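What the coordinates show
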Amino acid sequence: MDPECSRLLPALCAALADPGQPVADDTCLEKLLDWFKSVTEAGSSLQLLRDSPCLVELLLQVPQAPGLSPRVLAFALRLAGLLAAQEACFQFLQGELLSGLFGEAGPLGGAAWMAPTVRSGWIQGLRSLAQHPRALPFLAELGALDTVVALQGDSSLFVASAAGQLLAHILGLALGGPAEGPPGPPACDWPASAQAVVGHLEEALSAATAPRATQALHVLTTTFGHCHRPWTQGLWARLSPLVARLLEKDPVPAAHPLVDLLLSVARSPALSSDRGWWEMAARALGSLRPAHAGPLALGLLTLQDCPQALSAQAFAVLLQPLACVLKAAAQAPAPPGWPAGPEGDAAAVATLLSSRSACVGLLCQTLAHLELLQPLPQRPAPWPQAPLLGAVLTVLRFCNGSAVPAPGSDLGGHLCAVLAGCARVQRAALGLLGALYEDAGPPELVTQVFAVLLDYLRSPDSSPTVLKKAFQAALQWLLSAPTPPGGCAPDPPAQPFLGELLPVLQRRLCSPCWEVRDSSLEFLTQLAGHWAGQAGFRHALLASEVPELAWQLLQDPESYVRASAVTAVGQLASRGLHATPAGPECPGGPQKGVLPELLGVLAADPEGFPRRAAMQVFARWLRDGHAEAADAERFVARVLQAAGRDLDWEVRAQGLELGRAFLERALGRPGPPCPDAAAAPEPAAPAAQALRAACRVGLPEFALRALFDCDRPVARAACALLLLLRDQAAPGLSLPEAGPAVAALEAALQRWRAGEQAQPPGPLEPEAVLAVLRSLDLEGLRGALAESSDHVERNPQSLLQDMLATAGLRGDNEADCY
Amino acid sequence: MKLYCLSGHPTLPCNVLKFKSTTIMLDCGLDMTSTLNFLPLPLVQSPRLSNLPGWSLKDGNVFLDKELKECSGHVFVDSVPEFCLPETELIDLSTVDVILISNYHCMMALPYITEHTGFTGTVYATEPTVQIGRLLMEELVNFIERVPKAQSASVWKNKDVQRLLPSPLKDAVEVSTWRRCYSLQEVNSALSKIQLVGYSQKIELFGAVQVTPLSSGYALGSSNWIIQSHYEKVSYVSGSSLLTTHPQPMDQASLKNSDVLVLTGLTQIPTANPDGMVGEFFSSLALTVRNGGNVLVPCYPSGVIYDLLECLYQYIDSAGLSSIPFYFISPVANSSLEFSQIFAEWLCHNKQAKVYLPEPPFPHAELIQTNKLKHYPSIHGDFSNDFRQPCVVFTGHPSLRFGDVVHFMELWGKSSLNTVIFTEPDFSYLEALAPYQPLAMKCIYCPIDTRLNFIQVSKLLKEVQPLHVVCPEQYTQPPPAQAHRMDLMIDCQPPPMSYRRAEVLALPFKRRYEKIEIMPETAVM
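As named in an unreviewed UniProt entry, chain B is Integrator complex subunit 9, taken from Pipistrellus kuhlii. Its UniProt record, at the heading Sequence similarities (unreviewed entry), says of chain B: "Belongs to the metallo-beta-lactamase superfamily. RNA-metabolizing metallo-beta-lactamase-like family. INTS9 subfamily."

What follows is the structure, given as structure tokens:
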């Protein structure tokens, strides 16, 4: 321990033990515990106590101090547990101290126990303490187990959850044993503490009330989730009949934690080979209500080694709600390729679908599960792509009122009423539809996909979030549409869709709702990025008003929309698809170039988002060699000039990125991906040219100004850029003599760094730049900047000082203001 | 207790309730869809309309070619437009004691009832209903009277002739009862019989029945009515809205515990969400104007236009439409815009609060002040001097058969740059456009109907739990075009009783108690 900390600790302990002293807040106590944890992990706890007897004093005084804050009490309990985690220290503290803290003599029986913080501290203290076999008899002596079991039902969820975890931990500690091997001793030979815990679990699982079963299931889930030792097989063998009995009840109690337990067992390498378990899982799929069977089915399907039959059953359960929807629309047997589910399940699902809230919840859950399952390699094979697409389209049609229910189908009528205009289901279905693009499907179905997407994009009733999902799905299906080799247009049915999309996009770009304008612009950007090379698309886009509307949206009152418009216009311009800027606002007016317009945004937009978007566009232009950036020096000089004055640190940081791209280009090769990575020096001549080019665009001034930026990310980026400049652009150049100009510059930099001079350095000559770069300790700066900004305040000494200051024991107020 | 159903139009109802020896007429809506069978009345001579060919029967009889004209395969009556009146034969209307008016759209047949049936009773309505109803009637009279048409076609109404005509003329009902528009004098006389009432005001009718208007949330001053005796309660729900627009919100609580709830005036476009339609309206408007085209919005001079102007106020700058002129043309435009600002007590809470600031409750005042919105009584006069294109014109009538809108349809119809946007749901836009075909201008249908939809009705009925629901037959089955949409009908238990035009319904209502007072002298005897 730091000598200064050792010096401060007694005063702090005294302050903590004094009920009359103001107590530091929870955050400080947490930090203090973190520090003690790091100290005990690094060395002996016993030594710590010997070096700092004040800690023992504190732990002894705390139980006896009336009126002590519950926070300090909880802190002491946790600290004691932390120290006693080492067996030697445990022995040292055992006796009056630990019993006084954790036993009846401590807060357990007193008024302080009413505070959830104290109960939580008590549990966490024991949880830390229970790291060695000697802890078990101690717990038994205290009679702690019964208290922990009772705390599982605590009114505070944190306490209840911690109690469950402590029980699981005690079980693991008691049964211990090797990581692999035989299942261990039979249950009757288990240690007493393990027997006691298991006895509690058995009792809870047999109890008639769901909350008690839930507590036991949570403990088992934690146990099997964290411990894969052989003894877990014995535990499961002993308790699984009780779990199976839960499944026989109707309705199944505590269904949600039961599903969690089953999946936790399934994922345990020690248990997954248990044949009985798979049978239980199959039974659970049949017994649980659809809302709970769905998550279990998904969990089973994501397992690597799920038996074929169970996987098929799980998939059928997962698809059951969609099967009912299909049936409600077509009154026909399940389509080919659709896994058959039991009739009983179908009836239960149909009943559930006919109630509004259950229907929406179940469909959203099913659609989300399928979206998760679709990209996984272990998804069921053959994957029923066509029927799934059909089902999703049917759901979407029910949602927009275009589905025609099967004649005489009551469920169809109900679905019409329940799903019409339901944005939640629409979003979930469009999400799945978007995910299904990878496997495409029969052409007639793909045609239907585009038709339904167009309906949603056109519909005035589509909410902005639904519309965004529809745009995303449309983009995915468009990107997956096959293009004939060497062809200039995508294959049908994407081609007619693309044609009909532009009028829709035009309308959406004029929407009064800014979210719609924003997502339309994002869609346009992505669309142009992908299809700009297609002659048909180019022609249609240029013939439409879309580019002009995108241009007009640069003036949108909403900053997010302006930012998206900047990105879209930048993308269109880079593909030669930008509009003639003269619009109805200034008919016949002079046409304005894209670069001046975006520079105008960078210089004048009052919000940061559009300016950041403009910088991103400029960086992309430079990297892609766009025509607007053809005269790279002039281009970069103008951008840096505008960005240098920006108040937004991200804009300044992006300015440095642009400068980096320029420098790498000037050096004639892409730069190293990591700013700190070393690269071989370049020949002197190109390096000199690069340096001169950098000086001409004002890059060194920009970077030097940024080096002392008050925003650390900017300063770090500037430091990295200057290192690159020094190491790459000037490695072979001889160091010029430090003339008076260089000395003046260095002095100016020093003053500027100290905040004495508001004006940044002016234009620099290459020689002066070289001299400054050599004289600056850039490596040192890089190290300093790599430290977090509060590294000084985060050290333990500072923490102790803060806490003492709060307690009023330090005359000078040196508390950190953070 | 009986209900006499005099109108077949579910949103323009006219029913008569006989309850405890009182005869109460519930609304007197005027079905104007009949005017769609007539040729438009152009304000300025239209060579196109004048030169339309006459229509003849296949057998060569040419006697109808003076009355009927053909335009793009449709046949129209070349005469002064006529309206389909409520039934006058089902019940002697001179016996009607009172007429309760729900909103200004549901009083347009009032002059026909009060001036031509021997009616001697009282009409009850709120002040905004009367004032705006007057504006609507004056506008209608003005639109029709300022284009006098000598010809009055009647031969085609002959039953033997009508059955030979093509649809929709062949299928038009009760054509013999169709009447020309009333005069301004009749309007004034009819309105003089109205007694103004306020929300929740209890009005005793002959000591037998008490009637009370409640806010219905649909339009300025719009009401539902409670008709109750000591032991019975009938609620009349007509044209109500739960959306937050400019009027006071709907009073639902007072409708609870009704023995009978007569439910009319639900949304005519149940599948169109008003918010989505407003979005569509502005998208289409902005797109057209940015493209250099003009936008025509056929509308009534009051109602949704207030909300559209308010949205416009919020949207105008963001959409880059600040330099585009917006014109509101109606003989009553000025009065309508001014009336809306003075009925503060009838407005929603937010707008009421503005009055105390003091600020005008509707932002169209600012649009007018800044010259972004200009209003004119007609296309003649000042408007022709100020007219600048591209522009947006709000004008009537939404049927496109009379009013200044006819002029703009003729003027702008030939260019595909222009757009006509239909926002009023009362008329089929395809039928409205029929006499203007072929038409190059774009047509956008954004019906904005804020009245209750079926989901809202379902919730309302669960909330207020009437013993019996009575409604037009159209509400008891899905719309014919969407026969599978079982959600687009009233679903309640017991199932609603339905009525149709010219039907008399005996309401399932047993009166078990009556409150009487016995004079002490009688009691002694």
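Back to the write-up after that little detour.
Mapped onto this structure's residue numbering, the UniProt feature "domain: Beta-Casp" (unreviewed entry) falls at residues 305-433 of chain B. The span residues 305-433 of chain B is 40% helix and 12% strand, and its two end C-alpha atoms sit 21 Å from each other.

Bringing the packing of aromatic side chains into the picture now. If you walk through the whole model with that rule in mind, you get 37 aromatic pairs over all chains. Consider the rings of A:Phe224 and A:Trp236, whose centres lie 5.9 Å apart with planes at 90°: the pair is edge-to-face. Of this pair, A:Phe224 sits in helix 13 (residues 210-226) while A:Trp236 sits in helix 14 (residues 231-248); the two residues are 12 residues apart in sequence, bridging distant segments of the chain. Assigned by exposure class, A:Phe224 and A:Trp236 land together as buried. Pairwise contacts between aromatic rings join B:Tyr327, B:Tyr376, B:Phe383, B:Phe387, B:Phe408 and B:Trp412 into one cluster. Here the guanidinium or amino end of B:Lys351 rests over the ring plane of B:Phe362, the centre of that ring lying 4.8 Å away.

All right, on to the environment of B:Gln45 then. Residues and elements named next belong to chain B. Mapped onto the fold, Gln45 is located in the loop between strand 3 (22-26) and helix 1 (47-50). By relative accessible area, which is 64% here, Gln45 ends up exposed. Taking the C-alpha atoms as reference, Gln45 lies 44 Å from Val96; in sequence the two are 51 residues apart. Among the polar contacts listed, one links the side chain of Gln45 to the side chain of Ser50, at a separation of 2.7 Å.

Residue and element names in this part refer to chain A. One pass over the structure, following the stated rule, counts 37 salt bridges over all chains. A salt bridge links Asp605 to Arg562, with the shortest nitrogen-to-oxygen separation between them at 2.7 Å. In this pair, Asp605 is assigned in the loop between helix 31 (594-604) and helix 32 (608-624) and Arg562 in helix 30 (residues 559-574), connecting sequence segments 43 residues apart. Neither Asp605 nor Arg562 differs from the other in exposure class; each is buried. As a salt-bridge pair, Arg726 and Glu779 come within 2.5 Å of each other at their nearest N and O atoms. Residue Arg726 is found in helix 37 (residues 712-729), and its partner Glu779 is found in helix 40 (residues 778-786); the two are separated by 53 residues along the sequence. Under the relative-accessibility criterion, Arg726 is labelled buried at 14%. Its relative accessible area of 37% is what places Glu779 among the partly exposed residues. In this structure, a network of salt bridges that share partners links the residues Arg612, Asp648 and Glu650.

Rules of the game
What you see as residue numbers is a count from 1 along each chain, following the sequence as written. Key to labels: chains lettered from A, ligands numbered from 1, both in the order written. For a predicted model such as this one, the threshold for reporting local features is a pLDDT of at least 70, and the threshold for listing and counting side-chain atom pairs is 80 or more; totals across whole chains, interfaces and linings nevertheless cover every residue. With hydrogens and water set aside, each side-chain value is computed from the structure's full complement of heavy atoms. UniProt positions are given in the numbering used here, feature names are shortened, and annotations may be inferred rather than shown by experiment. Here a helix means four or more residues in a row that DSSP labels H or I, a strand means two or more in a row labelled E, and each is numbered from the N terminus. Aromatic rings from Phe, Tyr and Trp, with only the six-membered ring used for Trp, were paired whenever their centres fell within 6.5 Å, and each pair was classed as stacked if the ring planes differed by under 30 degrees, edge-to-face if by over 60, and tilted otherwise. For each residue, the accessible area found with a 1.4 Å probe, counting protein chains only, is set against the maximum for its type, and the residue is called buried under 20%, exposed over 50%, and partly exposed in between. Counted as over-ring charges are cases with an Arg CZ or a Lys NZ within 6 Å of the ring centre that also lie within 35 degrees of the ring normal. Polar contacts, as used here, are pairs of N or O atoms within 3.5 Å; protein pairs need one atom able to donate a hydrogen and one able to accept it. Residues neighboring in sequence count only if both atoms are side-chain atoms. For this analysis, a salt bridge means a side-chain nitrogen from Lys or Arg found within 4 Å of a carboxyl oxygen belonging to Asp or Glu.

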